[in-house]
Amino acid sequence: MRSAILRRSQQALKNHKPPTRHNFSTIPSSSSSSIPTVCQSCRRKLADTASPSTPQRRWQSSTANSQATTNIPPRASAIPQTHYEFFPKTLPKGPPPSGPFHIDARELRKEFLQLQAVAHPDRHGAHLKLRAEATSARINEAYKTLQNPLLRTQYLLSQRGIDVAEDETAKTEDAELLMEVLDAREEIENAQVEEELVGMKRVNEERIRVSEEVLDGAFQRDDMKVAAAEAVRLRYWVNIRESLDAWEKGKPVVLVH
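- The name an unreviewed UniProt entry assigns to the chain is J domain-containing protein, from the organism Hymenoscyphus fraxineus.
- On record in UniProt, under Sequence similarities (unreviewed entry), the comment for the chain is "Belongs to the HscB family."

### Let's talk about a nonpolar patch on the surface
Part 1: On the surface, a nonpolar cluster with roughly 170 Å² of combined accessible area is contributed by V210, V214 and V226.
Part 2: Judged by relative accessible area, V226 falls into the partly exposed class, the value being 31%.

### Brief notes about the packing of aromatic side chains
Part 1: In total, this model carries two aromatic pairs according to the counting rule given.
Part 2: Pairing F101 with F219 gives two aromatic rings, centres 5.7 Å apart and planes at 15°, and the pair type is stacked. With a gap of 118 residues between them, F101 in the loop between helix 2 (62-70) and helix 3 (105-119) and F219 in helix 7 (residues 198-220) connect regions that are remote in the sequence.
Part 3: With a centroid separation of 4.2 Å and 10° between ring planes, the pair formed by F112 and Y143 is classed as stacked. Of the two residues, F112 sits in helix 3 while Y143 sits in helix 4 (residues 126-147), which places them 31 residues apart along the sequence.
Part 4: The class of F112 is buried, set by a relative accessible area of 10%.
Part 5: Assessed through its relative accessible area of 14%, Y143 is described here as buried.
Part 6: Here the guanidinium or amino end of R152 rests over the ring plane of F101, the centre of that ring lying 4.8 Å away.

### A closer look at the layout of surface pockets
Part 1: Considered as a void within the structure, the second largest pocket measures approximately 280 Å³ in volume.
Part 2: As for the second largest pocket, its lining consists of 16 residues, and the residues nearest its centre are H102, I103, P149, R152 and E212.
Part 3: Elements that contribute at least two residues to the lining of the second largest pocket include exactly helix 3, helix 5 (149-158) and helix 7.
Part 4: Of all the elements, helix 7 adds the most residues to the lining of the second largest pocket, at six residues.
Part 5: In the lining of the second largest pocket, the residues fall into six nonpolar, three polar and seven charged.

### A few points about helix 3
Part 1: With 15 residues, helix 3 should cover 21 Å at 1.5 Å per step; its first-to-last C-alpha distance of 21 Å lies within 8% of that length.
Part 2: The set of residues buried in helix 3 consists of L108, E111, F112, Q116 and A119. Buried positions in helix 3, seen along its axis, are confined to an arc of 140° and lie on one side of it. Summarising the geometry of helix 3, the exposed residues directed more than 90 degrees from the buried face are R106, K110 and V118.
Part 3: In this structure, the buried residues of helix 3 make contact with helix 4.
Part 4: Structurally, the start of helix 3 carries an N-cap: the backbone nitrogen of R106 is 3.1 Å from a side-chain oxygen of D104.

### Here's the deal with the pattern of salt bridges
Part 1: Per the stated rule, a full pass over the model turns up eight salt bridges.
Part 2: With a shortest N-O distance of 2.4 Å, D222 and R160 are connected by a salt bridge. Here D222 is found in the loop between helix 7 and helix 8 (224-245), whereas its partner R160 is found in the loop between helix 5 and helix 6 (175-190), with 62 residues between them in sequence.
Part 3: Judged by relative accessible area, which is 42%, D222 ranks as partly exposed.
Part 4: For D174, the salt bridge identified is with R233, shortest N-O distance 3.4 Å.

### Concerning unusual backbone geometry
Part 1: Cis geometry is adopted by the peptide bond preceding P97, which originates at P96 and carries an omega value of 15°.
Part 2: Locating P97 in the fold gives a position in the loop between helix 2 and helix 3.
Part 3: Positive phi values are uncommon outside glycine, yet D222 reaches one of about 60°.

Each value, and the rule that gives it
- Residues numbered from 1 in each chain as written.
- Predicted model: local features only at pLDDT ≥ 70, side-chain atom pairs only at ≥ 80, totals over all residues.
- Heavy atoms only, no water.
- UniProt positions renumbered as here; feature names shortened; annotations may be inferred.
- Patch = residues over 30% accessible without salt bridge, like charges linked within 9 Å, V, L, I, M, F, W, Y side chains within 5 Å.
- Areas by Shrake-Rupley, 256 points an atom, 1.4 Å probe, with all protein chains shown as cover.
- Salt bridge = Lys/Arg side-chain N within 4 Å of Asp/Glu carboxyl O.
- Buried < 20%, exposed > 50% of the residue type's maximum accessible area, 1.4 Å probe, protein only.
- Phe/Tyr/Trp six-rings, centres within 6.5 Å; stacked < 30°, edge-to-face > 60°.
- Helix = DSSP H or I, 4+ residues; strand = E, 2+ residues; numbered from the N terminus.
- Lys NZ or Arg CZ within 6 Å of the ring centre and 35° of its normal.
- 1 Å grid on protein atoms, 1.4 Å probe; cavity = no way out; pocket = protein on both sides within 12 Å on 5 of 7 lines; lining within 4 Å.
- Points joined across faces, edges and corners; volume = space filled by probe spheres on them.
- Nonpolar A, V, L, I, M, F, W, Y, C, P; charged D, E, K, R; others polar.
- Expected span 1.5 Å × (residues − 1).
- Arc of directions from axis to C-beta.
- Contact = heavy atoms within 4.5 Å.
- Polar contact = N/O pair within 3.5 Å; in protein donor to acceptor, adjacent residues only side chain to side chain.

Given below as structure tokens:
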């Protein structure tokens with residue numbers, strides 16, 4: 001009896017078929033454009049596994065950025081504050097004590113002509129002409145001041161609050177110097193021909209050179225007292241130079257005292 005039951009159980013196990021397994025491995029990935037919605041084996045409706053579409057990222061136009069950059073107005077050029085700043089090639093170190101007192105006259109004139117060629121009012125339109133005229137006038141003033149050792153000295157002293165150009169009390173009490181000046185005036189007035197003054201011109205140019213050396217040392221040491229005193233001496237020598245250059249027979253000579 002038991003043997004018969006055991007045989008029937010074994011026979012039932014042999015005849016049993018396992019349930020059909022659903023094959024989902026053939027379902028395309030979500031990236032596919034055609035995603036099935038029904039199981040291929042049991043025809044059961046599948047859940048919607050499609051991922052929501054990702055919104056497209058928007059990028060700012062590079063053209064707009066470049067256009068905005070183009071419309072930015074250029075920064076205005078720095079306006080020179082001193083005579084020295086007009087001539088950066090000739091005077092890169094600026095005024096003393098950072099730069100020397102002596103100036104190369106040829107290089108200064110060369111740069112002056114280059115500046116005037118650019119700033120001349122005739123090279124600019126009507127709407128910029130007034131500004132060009134003002135700039136040209138400032139360049140002229142700076143050049144006139146710096147190319148003359150006396151005016152240069154007076155300008156440098158004025159930057160320190162010392163006025164020896166208009167100060168009537170800024171005179172020398174050096175008797176020997178005053179005697180040299182009086183002798184020079186007499187010699188110029190008594191000259192019959194200009195050739196008689198050649199030697200005097202050479203001597204006077206040496207005086208100016210020595211005076212410039214004294215001023216260079218004074219400004220380098222920041223000794224304004226010595227610089228102011230030498231400026232008075234230099235005024236005499238420059239005045240003699242001008243009288244020699246403007247000499248005419250019989251013309252009276254007026255020297256600054």
